[in-house]
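Residues per chain, in single letters:
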2 protein chains.
Amino acid sequence: MDGAIRNCIFCKIIQKDIPNAIIYENEKFLAFMDRYPINQGHTLIIPKHHYNTILDMPQAIVGEMYSLVPKLAKAITAVINNDGFNINQNNGKSANQIVPHVHVHIVPRYSAEKVKGQWPTRKIAKMQELHDLAQKITRSIASENE
Amino acid sequence: MDGAIRNCIFCKIIQKDIPNAIIYENEKFLAFMDRYPINQGHTLIIPKHHYNTILDMPQAIVGEMYSLVPKLAKAITAVINNDGFNINQNNGKSANQIVPHVHVHIVPRYSAEKVKGQWPTRKIAKMQELHDLAQKITRSIASENE
């Protein structure tokens, strides 16, 4: 694909070289379940074109990417029944960006958690569970458009 | 102002009832220095219309709001000389949203910090320092447009 970077794990996900639990896709963006979820339903939105950080992206594309957030967050909430959610996007190693391909985290939160701003240790999820969940959320997105 | 909520501190900031160190303003959005900064240069972007969470906002307005982020983050980085930054937006008490009026955090980060995903305790800043900083960032934004 145009703009793909060799050895970028997110570029490989976009090219479907690495299987993933996708919940939404259009010409420019892909949304899929994070393999290392902070909570069930933890989703990433990425641009299909490779940009290291948000500073490398055209302003209009940043806007387009984030305009997907309410649509996807509503669908996730409808499925997961979370009480709230964080929208986080890290730029640079100093900001805890692990994969240097822009990604927006949607992290479902629960009142019982008492988050207090902590970003807890993440665990690897079972791919089958992610696929099952992705399917439910995909259906929920489709029902929004009906 | 249309859509202002009594007792909302951010609506009061928009109406200029509470003084603040503003770095950017247009018809729909206001950006100002956070009074409780995690790091120097910590900035908030808010819609002038009151929305509790991002789920209450029209999708296009969410996109417009976030399309300001690269512009403002570049100007902040030019002034503060930070190594990276987080873009965070919390929805609901369970997600640690303190003020129930949508706000996007731009938090400058430094390599020396070793953030590791922590959202450390915040301290109140001196208003004069915020104003001085806001002025520098405002100039930096203006110079981007030259």
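For the structure, check the block above.
Asks: An account of the relation of the copies chain B and chain A is needed here, citing residue identities and associated values.
Replies: The two copies are related by a screw motion: chain B maps onto chain A through a turn of 180° and a shift of 0.0 Å along the axis, at an RMSD of 0.0 Å. In the structure described here, the two chain copies are related by an operation that fits a two-fold rotation axis. Looking at the rotation axis and the C-alpha trace of chain B, the residue lying nearest is Gly63(B), at 1.9 Å. A symmetric contact is evident, with 100% of the interface residues of chain B recurring at the interface of chain A.

Asks: I'd like to hear about the interface of chain B and chain A, residue by residue, with values.
Replies: Bring the parts together and some accessible area is lost; that lost area is often taken as the interface size. With 32 residues of chain B at the contact, the number on the chain A side is 32 residues. Together chain B and chain A conceal approximately 2,800 Å² of surface at their shared face, both sides included; 56% is due to carbon and sulfur atoms. Summed over the shared surface of chain B and chain A, the number is 0 salt bridges. Counting the contacts that link chain B with chain A gives 12 residue pairs in polar contact (both at pLDDT 80 or more). Of all elements in the fold, only α2 (59-67), α3 (69-80) and β4 (84-91) of chain B reach the threshold of two or more residues within the side of chain B that touches chain A. The greatest single-element share of the side of chain B that touches chain A, amounting to 8 residues, is contributed by β4(B). Residue composition of the side of chain B that touches chain A, by class: 13 nonpolar, 14 polar and 5 charged.

Cut-offs applied
Residues numbered from 1 in each chain as written. Chains lettered and ligands numbered in written order. Predicted model: local features only at pLDDT ≥ 70, side-chain atom pairs only at ≥ 80, totals over all residues. Heavy atoms only, no water. Least-squares fit on C-alpha atoms with pLDDT ≥ 70 in both. Contact = heavy atoms within 4.5 Å. Buried area = accessible area lost by both parts, 1.4 Å probe. Salt bridge = Lys/Arg side-chain N within 4 Å of Asp/Glu carboxyl O. Polar contact = N/O pair within 3.5 Å; in protein donor to acceptor, adjacent residues only side chain to side chain. Helix = DSSP H or I, 4+ residues; strand = E, 2+ residues; numbered from the N terminus. Nonpolar A, V, L, I, M, F, W, Y, C, P; charged D, E, K, R; others polar.

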